[in-house]
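# Summary of the model geometry
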Amino acid sequence: MAVIKAREEDIALLGRLMRAEAEGEGELGMLKAGNVMVNRVRANCLDFEDIRTVEKMVFQSPGGFEATQKGYFYQRARERDKRLARKLIEGERHHPAEFALWFFRPDGPCPAQWWGQWNSGRYKLHCFYTPLASECPSVYNVY
């Protein structure tokens, strides 16, 4: 069962963004980054109240993803990218990103907080940040 609405072009778009943001961290890194992306579509809180589609999430401005400004993002989605995107759309979650709405790649250790949000963990080079349930209960909803 899909946790967000997604047409084939949305699956490809999500796959392209996952690849552009985290391909260097392997498939699991791409899945964790993708959890954040799907969560932004699902969440109805904070910076994501009007983000209800994959396309709006991908191109959100301000607050969107830097990869959309790079040429690599604009290459077509590969089958692997789409396969991973489908897993997330079907509800797969990966710690520490299962409830995260943000990630970034610091030069050193993960700060305890980033833009007022708490660190939920690190995977390779990316740190993940999760809102408090009181600030964003919708991201914690069980599908």
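Up top is the structure.
Here's what I pulled together on the structure shown here. (Residues numbered from 1 in each chain as written. Predicted model: local features only at pLDDT ≥ 70, side-chain atom pairs only at ≥ 80, totals over all residues. Heavy atoms only, no water.)

### Brief notes about the pattern of salt bridges
Defined as follows: A pairing counts as a salt bridge when a side-chain nitrogen of Lys or Arg comes within 4 Å of a carboxyl oxygen of Asp or Glu. Remark: exposure states derive from per-residue accessible area (1.4 Å probe, protein chains only) relative to the maximum for the residue type, with buried under 20%, exposed over 50%, and partly exposed in between.
Under the criterion given, the structure shown has nine salt bridges. A salt bridge links Glu9 to Arg7, with the nearest nitrogen and oxygen atoms 3.1 Å apart. Residue classification places Glu9 among the partly exposed residues on the basis of a relative accessible area of 46%. For Arg7, a relative accessible area of 48% gives the class partly exposed. Taking the shortest distance from any N to any O, the salt bridge between Arg80 and Asp81 comes out at 3.8 Å. The exposure class of Arg80 is partly exposed, given its relative accessible area of 26%.

### Section: the pairing of strand β3 (residues 117-123)
This is how it is decided: By this definition, two strands are paired if DSSP reports at least two bridges between them. Every helix listed is a DSSP run of H or I at least four residues long, and every strand listed is a run of E at least two residues long, numbered separately from the N terminus.
Sheet topology places strand β2 (residues 113-114) next to β3; two bridges connect them, and they run antiparallel. The residue bridging Trp114 from the neighbouring strand is Gln117, located in β3. Linkage of β2 to β3, two consecutive antiparallel strands, is achieved through a turn of two residues, within which Trp115 is found at a positive phi near 50°. When β3 meets strand β4 (residues 126-130), the two strands line up antiparallel, connected through five bridges. Bridging across to β4, Tyr123 finds its partner in His126.

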